[in-house]
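A look at the structure
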Amino acid sequence: MSASATAVAAQTQDHAQPDLAALKTRQQATWASGDYAVVGTTLQIVGEQLCESLDVRAGQTVLDVAAGNGNASLAAARRGCDVVSTDYVPALLARARERAAAERLTIEFQEADAEALPFAPGSFDAVLSTFGVMFTADHDKTAAELVRVCRSGGKIGMANWTPDGFIGQIFKTIGKHLPPPAGAKSPALWGTRARIEEMFGPDASAIQAEPRHFVFRYRSPEHWMEVFKTYYGPMLKAFSALAPDAQAALQSDIIAQISRFNRSGDGTVVVPSEYLEIVITRR
């Protein structure tokens, strides 16, 4: 485990028991704020890559969990799969529905909680999530649900930000200015092989975990900041919870982090952000 991953794990080994119901309510409100679809649509390539890595086949039944504005759902539908797209934020599903209609893709959309999926055991050939289930309140319950609804021999595919990558470090920076609830587990744990094996190992015949990079491309660090402060729920909520001086300090730290990761060389933003692409074969 990397030093950053170890630090993330240590930060969440708090003896306090979090109120998971309250945490879920808070998270749902966070993702319903802003308009994640503005950011989410830029991540489409991740859903396409995940479907290729899972080698999904036309006619397979596919469930996209915590689908947001539907990147993985659209990718699977383009490959001829029978897709059900779920999220617990209705506004995000509405965005995904608009995208599917524009592309004349058939997808079933259903509001659903990743911790209590309303489907029978073994209902799907493939279960997907791109930067979605990693933000649930109860990690173990969510993992158990992904396993439950996937058939034996089927595949579970995820893309999760890593602790060491750009977005993982953004959350670490936010946490320094606005600490998370006591006992809450870091979403970045989903981006570590050790935690994936802990949650899914007993039910898997194989686990593949491949580090990949999504590259953020914006006009400038300030442009990136403006978009994320306006549309990305976790960022919007963090800034709104801080006093003006604290907001300025957080923004300064984030801009500095963008500069450290930026490889454009011309004033624009070209920032690779590491994520872990996971393909689990269900036992």
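Structural data are supplied above this passage.
Residues numbered from 1 in each chain as written. Predicted model: local features only at pLDDT ≥ 70, side-chain atom pairs only at ≥ 80, totals over all residues. Heavy atoms only, no water.

**Notes on the overall build of the protein chain**
Helix and strand counts for the protein chain come out as 12 helices and seven strands. Here the C-alpha atoms of the protein chain give a radius of gyration of 18 Å, agreeing with the 19 Å that 2.2 N^0.38 yields for 283 residues. Overall, the protein chain is about 55 × 45 × 30 Å in size when its C-alpha atoms are taken along their principal axes. Classification of the 283 residues of the protein chain by burial places 53% in the buried group. For the protein chain, the accessible area works out to roughly 12200 Å², and carbon and sulfur atoms hold 51% of it. Charged side chains in the protein chain number 27 positive and 31 negative. The centres of these two groups are separated by 2 Å. (Helix = DSSP H or I, 4+ residues; strand = E, 2+ residues; numbered from the N terminus. Rg over C-alpha atoms; globule rule 2.2 N^0.38 Å. Buried < 20%, exposed > 50% of the residue type's maximum accessible area, 1.4 Å probe, protein only. Areas by Shrake-Rupley, 256 points an atom, 1.4 Å probe, with all protein chains shown as cover. Lys, Arg positive; Asp, Glu negative; His and termini not counted. Charge placed at Lys NZ, Arg CZ, Asp CG, Glu CD.)

**Here we look at the packing of helix α7 (residues 139–149) against helix α9 (residues 193–200)**
The interhelical angle for the contact between α7 and α9, taken along N-to-C directions, is 60°, at an axis separation of 9 Å. Here α7 runs over α9; the crossing is right-handed. Contacts between α7 and α9 involve His139, Asp140, Ala143, Leu146 and Val147 from the former and Arg195, Met199 and Phe200 from the latter. Classifying every residue of the contact of α7 with α9 gives five nonpolar, one polar and two charged. (Axes fitted to C-alpha atoms, helices over the stretch in contact; angles between N-to-C directions. Left-handed = near helix turned anticlockwise from the far one by under 90°. Contact = heavy atoms within 4.5 Å. Nonpolar A, V, L, I, M, F, W, Y, C, P; charged D, E, K, R; others polar.)

**Brief notes about the packing of aromatic side chains**
All chains considered together, the criterion is met by 20 aromatic pairs. Seen in terms of ring centroids, Phe166 and Phe261 are 5.3 Å apart; in terms of plane orientation they differ by 65°. Their pairing is edge-to-face. Placement of the pair is Phe166 in helix α8 (residues 166–177) and Phe261 in helix α12 (residues 244–261), with a sequence separation of 95 residues. Among the residues examined, Phe166 registers a relative accessible area of 1% and is labelled buried. Judged by relative accessible area, which is 26%, Phe261 ranks as partly exposed. Positioned above the aromatic ring of Phe239 is the side chain of Lys229, whose terminal nitrogen or guanidinium carbon lies 4.8 Å from the ring centre. (Phe/Tyr/Trp six-rings, centres within 6.5 Å; stacked < 30°, edge-to-face > 60°. Lys NZ or Arg CZ within 6 Å of the ring centre and 35° of its normal.)

**Some remarks on empty space enclosed by the protein**
The probe, sized like a water molecule, is rolled over the atoms to show the empty space still left. Per the counting criterion, the structure on display carries two cavities of 30 Å³ or more. In this structure, the largest cavity occupies an estimated 250 Å³ of space. Taken together, 19 residues form the lining of the largest cavity, with Ala66, Gly68, Asp87, Phe131 and Gly132 sitting closest to its centre. Considering only residue class, the lining of the largest cavity consists of 11 nonpolar, six polar and two charged. In this structure, the second largest cavity occupies an estimated 70 Å³ of space. Trp31, Tyr36, Val39, Leu43, Phe131, Phe135, Trp161, Ile167, Phe216, Phe228 and Tyr232 together form the lining of the second largest cavity. Per-class residue counts for the lining of the second largest cavity are 11 nonpolar, no polar and no charged. (1 Å grid on protein atoms, 1.4 Å probe; cavity = no way out; pocket = protein on both sides within 12 Å on 5 of 7 lines; lining within 4 Å. Points joined across faces, edges and corners; volume = space filled by probe spheres on them.)

**Let's talk about the pattern of salt bridges**
A complete count under the given rule lists 16 salt bridges for this structure. Among the salt bridges present, the one from Arg79 reaches Glu52, with a minimum N-O distance of 2.9 Å. Of this pair, Arg79 sits in the loop between α5 (71–78) and β2 (82–87) while Glu52 sits in helix α4 (residues 44–54), placing them 27 residues apart in sequence. Residue Arg78 is joined to Glu103 by a salt bridge in which the shortest nitrogen-to-oxygen separation is 2.8 Å. On the criterion of sequence distance, the pair formed by Arg78 in helix α5 and Glu103 in the loop between α6 (90–102) and β3 (107–111) is long-range, its members being 25 residues apart. (Salt bridge = Lys/Arg side-chain N within 4 Å of Asp/Glu carboxyl O.)

**Some details on the environment of Cys150**
Relative to the helices and strands, Cys150 resides in strand β5 (residues 150–161). Distance in space between the C-alpha atoms of Cys150 and Lys237 is 34 Å, their sequence separation being 87 residues. Here Cys150 is in contact with Gly122, Phe124, Asp125, Val127, Lys155, Ile156 and Arg282, once residues within four sequence places are set aside.

**Focus on the nonpolar core**
Residues Met158, Trp161, Phe200, Phe216, Trp224 and Met235 are the most contacted members of the largest nonpolar core, which totals 62 residues. No other element matches strand β7 (residues 269–282), which puts six residues into this core. Discounting chain neighbours no more than four positions away, the residues touching Trp224 are Phe166, Ile170, Phe216, Tyr218, Met235, Ile254 and Ile258. The next biggest cluster of nonpolar side chains, apart from the first, holds 21 residues, and it includes Cys51, Leu54, Val62 and Ile107. (Core = buried A, V, L, I, M, F, W, Y, C linked by side-chain atoms within 4.5 Å.)

**Observations concerning unusual backbone geometry**
Most peptide bonds adopt trans geometry, and most residues besides glycine take a negative phi value. Even without a glycine there, the phi angle at Asp55 is positive, about 55°. Note on placement: Asp55 falls in the loop between α4 and β1 (61–64). By relative accessible area, Asp55 is classed as partly exposed at 38%. Not every positive phi belongs to a glycine, and Phe131 is a case in point at roughly 50°.

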